[in-house]
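Structure at a glance
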Amino acid sequence: MTENVNHSDNPARQLDKNYDPSKIESKWYEFWEEKGCFAADPEADGEPFSMVIPPPNVTGSLHMGHALNNLLQDILARYQRQQGRNVLWMPGMDHAGIATQNVVEKQLAAEGIGRHDIGREKFIERVWQWRRESGGTIINQLKRLGSSCDWSRERFTMDEGLSKAVREVFVTLYEDGLIYQGDYIINWCPRCHTALSDLEVEFEEHNDGKLWDLEYPLADGSGSIIVSTTRPETMLGDTAVAVNGADERYRDMVGKEVLLPLMNRRIPVVADDYVDREFGSGAVKITPAHDANDFEVGIRHKLEIIKVMDEAGVMNENAGSYAGLTREACREQVIKDLAELNLLPAIKDYQHNVGHCYRCQTIIEPYLSNQWFVKIKPLADRALAAVKNGDTRIIPQNWEKTYFNWMENIRDWCISRQIWWGHRIPVWYCEDCGKMIVAREDPDVCPECASANLRQETDVLDTWFSSGLWPFSTMGWPQSTPTLKKYYPTSVLVTGFDILFFWVARMMMMGLKCMDEIPFKDVYIHALVRDEHGQKMSKSKGNVIDPLIIIDQYGADALRFTLAAFAAQGRDVSLSEARISGYRNFVNKLWNAARFTLMNLEGFDPEAEISGRDLSLAERWICHRLNQTVAEVVAALDEYRFNDAAHALYQFTWHEFCDWYLELAKPDLFQSDDPLRRTTAQIVLYRTIEQVVRLLHPIMPFVCEEIWQTLPHTSAMPESIMQTAFPRADAEFEDESAAADMEQVMAVITAVRNIRGEMNLSPGQRLAAVVTGPDAGAITALKKSSAAIANIARLTSFTIDSEVMRPPQSAAGLAAGFEIFVPLAGLIDFAQEAARLAKELKKTEKEFSGVSNKLGNEKFLAKAPAEVIEKEKAKYKELSLKVEKIKANIRTLEQVTES
């Protein structure tokens, strides 16, 4: 599809009466792709600006979090292109190990089989088949949003190039002594049958928890010791009881033994500073195989380590008579048996956080297992220093403290996963001599004994291992490619705070290790998208807003502008369909302004210059305000203040250009007998709308492209608005005196309009107005705009005089140091208006009283849903203001009748 740009040799075209996004969005997206507008060229000129997309899961579909994240990146990419930068926005997807395996396993389950039935190789083939047929839906959805990634470079964390990079990093880290294998307490999901990193555990507050006090008799019969636990089933694997060495209550017991109930095993009482004297009884059971802290205590005191549970969360042979029970059933039986032995002195309600698998929400089991780890501290130290010394900025800055706290307390990273879909660990074992081989390429024979009887490690790498290489692996590393040389390190990473540690920290560590350079100069952390009441969106609450449905209904530009307008740094986005509908009105306002412009460009020459022309006050003012808006938007986007940029553009476009300037320009466009005056008005009008759509393009690309393509242009203009220069502030158009004079004009017109509203006069009613004030200079300046004021305020006569007296029966207003009087004799029936206002006041006060009583009712406040209460509070505020306004109008009417 090719769309001709309307250069000066083409007749002016018109826009449709109504803006219909469904007609233009796919058209222009195809045009941009066809023309290569998104393509990055490392050989081209221009200072590089680069970003890597946070790769969505191959299983994913577009939600509002994705929409916000990708919108902000797209704004930056489009803005930087217009600034002349050589932009690379690298797209791609993550293979999402556990999530993708779960999807395919569910497919198999529907067929009545499991992955073990078909074997590893066939299962991997099924996953690749699913990826080809169904994976990547989200990419097309991102295109609907308008994302301008260089799709020709799309990467996948399991593609050949990235797989090579993963192997290179693993082997290098192993050779440097930073990867090791060892027994360690890891987070284990009994449902997914795999280890999880600390960051893959989601903690949820359980209000219905219990704290059990268990009584352990001393082996010598001299007494007993009470231990407190939230997991009584693990007592079967206890190998000690620990107390704080400074706790005088237990000083005489340290070194003795207790008899472990139910198992009749002697275990020692040890002293360790880890024990909190204030928790429970001050004595704790130690189960080194099933608790991370207990594991450390066990190492320090050389305790026996006994696993009493298998990988499915079922009690094993070490659990004695409880073998074969699930952990939940075992807990119930242990509690019952201890109670029968009178060894359960207390059960207390307990509120605590419980870890769940981030994929299937199963409660995590701390589990002793042989896993692969990255020795993380040496890598973390450099990543920590890079932020502390300012090489990488985290914005907003308050997230730096969180980053520092996590990096300073980081544990070794468990990188092995017991699943099949993912990067298989490049380690082989010789079945004949036992040698372990770590290699970049698949070995054919053992280097030690030349045997071909090799077995590869079955575990795969944590998904975040490959994601951590994303900024440089996607650019061709380990080869030194032109893309890598040009665009690394990247300029900024835009991401949510929830993966600051999952992903950002890992990229920092891997980038510094592999490239000896930070992966990005800035990290911009955006907040969450919540509903209008600040609640997290969830299917169970029924408050999810689907971005694709919104795009179908309102268009992508309306959604984009809404998200940008609410994307304040450090503040969650509160979204509602009503707000999106409101910003769709803004798109319509821009469309109608463009239609008005196009209908008034007959005979216009886009080559015409504004310099040297005699501009009216309104023209000087709109050029000044446009100039200020350009500066505000540039500063805001340079500092990632997306909401400030959107607000500045909304304010200028709607409230200044549309509401004021278009009205002020109409006499020169419609009624002027002076061709020069009309031409000047056309130049200012055209220049303003053309710059407005270039300013708005990064946020609302579709409608702006349609308008820009319809406007007349010089032959030197590029094919797309994407290739135009972003407007620059120009000192030539700074005009504070015009701004001051125009503020007075607008203030006087607004005062007349307010009097209309207060007196219930129709907008079309022609009025007379008198203005007076003590400042002779201001009076003189205002007189120059008397025709414009009379026209816009719909006045039959307009008197400006410093000596004039207030006319009888006139309404009064104050604005910009002026007194404004509007004579009302003959225009309204004062008695009838007073009666109308009194009736309206009585009705409104009755409504207000009802809402007030409802909000004062404690039963209503206790039982009503939060959103209902919020609506009533909003109604209370609205009615309160309405009552005050009616009373003010009554006072005004009384003053008029007395004047």
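Scroll up a little and you will see the structure.
Description of the structure in this document. (Residues numbered from 1 in each chain as written. Predicted model: local features only at pLDDT ≥ 70, side-chain atom pairs only at ≥ 80, totals over all residues. Heavy atoms only, no water.)

**Structural notes on the environment of Arg-756**
- Its place among the elements puts Arg-756 in helix α22 (residues 736-758).
- For the pair Arg-756 and Ala-793, spaced 37 residues apart in sequence, the C-alpha separation works out to 9.9 Å. (Helix = DSSP H or I, 4+ residues; strand = E, 2+ residues; numbered from the N terminus.)

**Some points on the packing of helix α9 (residues 377-388) against helix α10 (residues 398-408)**
- Look at α9 against α10: their axes get within 10 Å of each other, and the N-to-C directions meet at 160 degrees. What the angle tells us is that α9 and α10 run roughly antiparallel. As α9 packs across α10, the resulting crossing turns out to be left-handed. Side by side, α9 and α10 meet where Ala-380, Ala-383, Leu-384, Val-387 and Lys-388 of the first sit next to Glu-400, Tyr-403, Phe-404, Met-407 and Glu-408 of the second.
- A per-class count over the contact of α9 with α10 returns seven nonpolar, no polar and three charged. (Axes fitted to C-alpha atoms, helices over the stretch in contact; angles between N-to-C directions. Parallel < 35°, antiparallel > 145°, perpendicular 65-115°, else oblique. Left-handed = near helix turned anticlockwise from the far one by under 90°. Contact = heavy atoms within 4.5 Å. Nonpolar A, V, L, I, M, F, W, Y, C, P; charged D, E, K, R; others polar.)

**Focus on a negative patch on the surface**
- There is a patch of like negative charges on the surface, built from Asp-730, Glu-732, Glu-734 and Glu-736.
- Following the sequence through the fold, Glu-732 ends up in the loop between α21 (701-710) and α22. (Patch = residues over 30% accessible without salt bridge, like charges linked within 9 Å, V, L, I, M, F, W, Y side chains within 5 Å. Areas by Shrake-Rupley, 256 points an atom, 1.4 Å probe, with all protein chains shown as cover. Salt bridge = Lys/Arg side-chain N within 4 Å of Asp/Glu carboxyl O. Lys, Arg positive; Asp, Glu negative; His and termini not counted. Charge placed at Lys NZ, Arg CZ, Asp CG, Glu CD.)

**Some remarks on the nonpolar core**
- Counting residues in each nonpolar core, the largest one holds 226 residues, and the members touching the most others are Phe-170, Tyr-403, Phe-465, Leu-590, Phe-657, Tyr-661 and Met-700.
- Looking at this core element by element, the count peaks at 15 residues for helix α19 (residues 642-671).
- Residue contacts for Phe-465: discarding those within four places in its chain leaves Val-166, Val-169, Phe-170, Leu-173, Val-374, Trp-413, Ile-415 and Met-510.
- Grouped together as the second largest cluster of nonpolar side chains are 29 residues, Leu-214, Val-243, Val-269 and Leu-343 included. (Core = buried A, V, L, I, M, F, W, Y, C linked by side-chain atoms within 4.5 Å. Buried < 20%, exposed > 50% of the residue type's maximum accessible area, 1.4 Å probe, protein only.)

**Here's the deal with the pairing of strand β5 (residues 179-189)**
- Counted residue by residue, β5 has eight buried out of 11 residues, so it is predominantly covered.
- As judged from the 10 bridges shared by β5 and strand β14 (residues 365-374), these two strands associate in the antiparallel manner. Following the sheet pairing, Ile-185 is matched in β14 by Leu-368.
- Sheet analysis places β5 next to strand β6 (residues 194-196), joined by three bridges and oriented antiparallel. Looking at the pairing, Trp-188 lines up with Ala-195 of β6.
- Hairpin connection of β5 to β6: four residues between the antiparallel strands, including His-193 at a positive phi of 55 degrees. (Pairing = 2+ DSSP bridges.)

**Section: the sheet that holds strand β15 (residues 393-395)**
- The strand order across the open sheet built from three strands is β15-β23-β22, with neighbouring strands paired in parallel fashion. Either end of the sheet is taken by a strand with one partner, and the two such strands are β15 and β22 (490-496). If you compare each strand with its neighbour and ignore which way they point, the axes differ by 20 degrees on average.
- Relative to β22, helix α2 (residues 64-82) is tilted by about 160 degrees, and along the sheet it contacts β22 and β23 (520-526).

**Some thoughts on the environment of Tyr-250**
- Position of Tyr-250 relative to the elements: it lies in the loop between β9 (240-243) and β10 (257-260).
- Spatially, the C-alpha atoms of Tyr-250 and Val-269 are 9.3 Å apart, while their sequence positions differ by 19 residues.
- When residues no more than four places from it in sequence are discounted, the contact partners of Tyr-250 are Ile-225, Ile-226, Val-243, Ser-281, Gly-282 and Ala-283.

**Here we look at the side chain of Gln-101**
- The topology assignment puts Gln-101 in helix α3 (residues 97-110).
- Taking the relative accessible area as the measure of exposure, Gln-101 reaches 2% and is therefore buried.
- Ignoring any residue separated from it by four or fewer positions in sequence, one finds Gln-101 in contact with Ala-96, Arg-115, Phe-123, Ile-419, Trp-420 and Trp-421.

**Looking at the sheet that holds strand β26 (residues 767-772)**
- Pairing is mixed across the open sheet formed by four strands, whose spatial order is β27-β26-β29-β28. At either margin of the open sheet sits one strand with a lone partner, and together these are β27 (795-800) and β28 (810-815). Going from strand to strand, the sheet's axes swing by 20 degrees on average, the running direction of each strand aside.
- Where β28 meets strand β29 (residues 818-823), six bridges bridge the pair, whose relative direction is antiparallel. Residue Ala-811 lies in a different strand from β29, and its bridge partner there is Val-822.
- Most of the contacts of α22 go to β29, to which it runs at about 35 degrees, and overall it touches β26, β27, β28 and β29.

**Considerations on the pattern of salt bridges**
- On inspection of all chains with the given rule, the structure shows 48 salt bridges.
- The residue Asp-572 makes a salt bridge to Arg-530 at a minimum N-O spacing of 2.6 Å. Note that Asp-572 is positioned in the loop between α16 (556-565) and β25 (573-575) and Arg-530 in strand β24 (residues 529-531), a separation of 42 residues in sequence.
- By relative accessible area, Asp-572 is classed as partly exposed at 28%.
- Owing to a relative accessible area of 21%, Arg-530 belongs among the partly exposed residues under this scheme.
- What you see here is one network of salt bridges that share partners, running through Arg-231, Arg-327, Glu-328 and Glu-365.

**Concerning the state of the cysteines**
- For the structure shown, the criterion picks out zero disulfides.
- A disulfide-free cysteine, Cys-430 has its sulfur positioned 3.5 Å from the sulfur of Cys-449, the nearest such atom. (Disulfide = S-S within 2.5 Å.)

**Quick word on the packing of aromatic side chains**
- Here the structure, examined in full by the defined rule, presents 35 aromatic pairs.
- The interplanar angle of 10 degrees and the centroid separation of 5.1 Å between the aromatic rings of Trp-399 and Phe-497 together place this pair among those described as stacked. With Trp-399 in helix α10 and Phe-497 in the loop between β22 and α14 (500-514), this pair connects stretches of sequence that are 98 residues apart.
- For Phe-497, a relative accessible area of 27% translates into the label partly exposed.
- Taken together, Phe-561, Phe-566, Tyr-583, Phe-586, Tyr-650 and Trp-654 form an aromatic cluster joined through their ring pairs.
- Looking at Arg-131, its charged tip hangs above the ring of Phe-156, at a distance of 4.1 Å from the centre. (Phe/Tyr/Trp six-rings, centres within 6.5 Å; stacked < 30°, edge-to-face > 60°. Lys NZ or Arg CZ within 6 Å of the ring centre and 35° of its normal.)

**With respect to unusual backbone geometry**
- The omega torsion of the bond from Trp-477 to Pro-478 falls at 15 degrees, within 30 degrees of zero and hence cis.
- Summarising the element assignment, Pro-478 is placed in the loop between α12 (470-473) and α13 (482-487).
- Following Tyr-488, the chain continues to Pro-489 via a peptide bond in cis, the omega torsion being 0 degrees.
- Tracing the chain through its elements places Pro-489 in the loop between α13 and β22.
- Unusually for a residue other than glycine, Ala-96 sits at a positive phi of about 50 degrees.

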